[in-house]
Amino acid sequence: MSSPLRKRPCGAGRLRAERALLERYLERRDPVDRDMLVERFLPLARALARRYQHTGEPVDDLFQVACLGLLKAIDRFDLSRDVAFSSYAVPTMLGEIRRYFRDRTWSVRVPRGLQELALRVDKKVVELSGDLHRQPTVAEIARATTATEEQVLEALQASGAYRPTSLETPRSTDDEAYDTLGDTLASTEQGFGRAEDRATLAQLQRAITPRERTVLRLYFEEDLTQRQIGQRIGVSQMQTSRIIRHSIARLRTAARP
């Protein structure tokens, strides 16, 4: 005769076993009992993490966050409350996941309520797109999320702060297009300023003689000394100094409005 099949504990029996294990852990704080509780509720933590897999965050990361919430729920559970542990653990784990999204994944500071609505809207967009086989309208999203159309539009706009587009993203998928989004941003071009300065200087130089222009060029551009300039144009160092001083004075006068 074959041995009788071992019966699996019924729901009530499982709840009693869980409560007994919780009572033992909360009384003794034995790490072994804690590990047993964690192992028992790991499937629940993974199921809660998968609710947010549409966000693009790695499910394993969300699972780790849910496990952190599970540990907090185990340590903080109040046995005097006449509720099942799962009724307390689920909101604790979900709260931990939402805090993770609020504090770690948003690149721009967004109000908490708007963050949660943006995540809810994003989830409904994925669900409705699958059901309708097209992108849902704002009105359809509003009905699904019990929000106003204005709130939905604000949430959709806020979603852009969740995962910004990199400036290294190519502007086109064409093989010949290598420009990135960053290439489209305006930048200060120093060459324009230098070109304007040269044009202004060329206009001002009309106020001095060709000889004075030569002296200033040798002094400022070629970095010659006053003695070397004097030797080149056939005058003394003192005369060279006087030419430089007088020509600069005339340039300043010409530059005044």
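This write-up is about the structure you can find in this document. (Residues numbered from 1 in each chain as written. Predicted model: local features only at pLDDT ≥ 70, side-chain atom pairs only at ≥ 80, totals over all residues. Heavy atoms only, no water.)

Concerning the overall build of the protein
Phase 1 of the analysis: When helices and strands are counted, the protein shows 11 helices and zero strands.
Phase 2 of the analysis: When the helices and strands of the protein are listed from N to C terminus, the series reads α-α-α-α-α-α-α-α-α-α-α.
Phase 3 of the analysis: A fraction of 52% describes how many contacts in the protein between residues 6 or more apart in sequence connect residues 24 or more apart.
Phase 4 of the analysis: Looking at the protein as shown, the accessible area adds up to about 18000 Å², and 50% of this sits on carbon and sulfur atoms. (Helix = DSSP H or I, 4+ residues; strand = E, 2+ residues; numbered from the N terminus. Contact = heavy atoms within 4.5 Å. Areas by Shrake-Rupley, 256 points an atom, 1.4 Å probe, with all protein chains shown as cover.)

Re the packing of aromatic side chains
Phase 1 of the analysis: Scanning all chains against the criterion turns up four aromatic pairs.
Phase 2 of the analysis: Seen in terms of ring centroids, Phe 77 and Phe 85 are 5.4 Å apart; in terms of plane orientation they differ by 85 degrees. Their pairing is edge-to-face.
Phase 3 of the analysis: On the basis of relative accessible area, Phe 77 is assigned to the buried category, the value being 6%.
Phase 4 of the analysis: By way of ring pairs, the aromatic residues Phe 41, Phe 77, Phe 85 and Tyr 88 are connected into one cluster.
Phase 5 of the analysis: Positioned over the ring face of Phe 63 is Arg 46, at 3.9 Å from the centre of the ring. (Phe/Tyr/Trp six-rings, centres within 6.5 Å; stacked < 30°, edge-to-face > 60°. Buried < 20%, exposed > 50% of the residue type's maximum accessible area, 1.4 Å probe, protein only. Lys NZ or Arg CZ within 6 Å of the ring centre and 35° of its normal.)

Some details on the nonpolar core
Phase 1 of the analysis: Counting residues in hydrophobic clusters, the biggest one holds 29 residues, and the most contacted among them are Leu 37, Leu 62, Leu 70, Ile 74, Phe 85, Met 93 and Ile 97.
Phase 2 of the analysis: Only α1 (11–28), α2 (31–50), α3 (59–76) and α4 (85–105) provide two or more residues apiece to this core.
Phase 3 of the analysis: If sequence neighbours within four positions are ignored, Ile 74 has contacts with Tyr 25, Leu 26, Arg 34, Leu 37, Val 38 and Phe 85.
Phase 4 of the analysis: With 12 residues, the next largest nonpolar core counts Leu 128, Ala 142, Ala 155 and Ala 158 among its residues. (Core = buried A, V, L, I, M, F, W, Y, C linked by side-chain atoms within 4.5 Å.)

A word on the pattern of salt bridges
Phase 1 of the analysis: Scanning the model with the defined rule gives nine salt bridges in all.
Phase 2 of the analysis: In this structure, the salt-bridge partner of Asp 33 is Arg 24, at a minimum N-O distance of 2.9 Å.
Phase 3 of the analysis: Taking relative accessible area as the criterion, Asp 33 reaches 4% and is therefore assigned buried.
Phase 4 of the analysis: With relative accessibility at 33%, the residue Arg 24 sits in the partly exposed group.
Phase 5 of the analysis: Ionic pairing is found between Arg 217 and Glu 222, a salt bridge with its closest N-O pair at 2.6 Å.
Phase 6 of the analysis: Since its relative accessible area comes to 38%, Glu 222 is described here as partly exposed.
Phase 7 of the analysis: When salt bridges that share partners are traced, they join Arg 29, Arg 34 and Asp 75 into one network. (Salt bridge = Lys/Arg side-chain N within 4 Å of Asp/Glu carboxyl O.)

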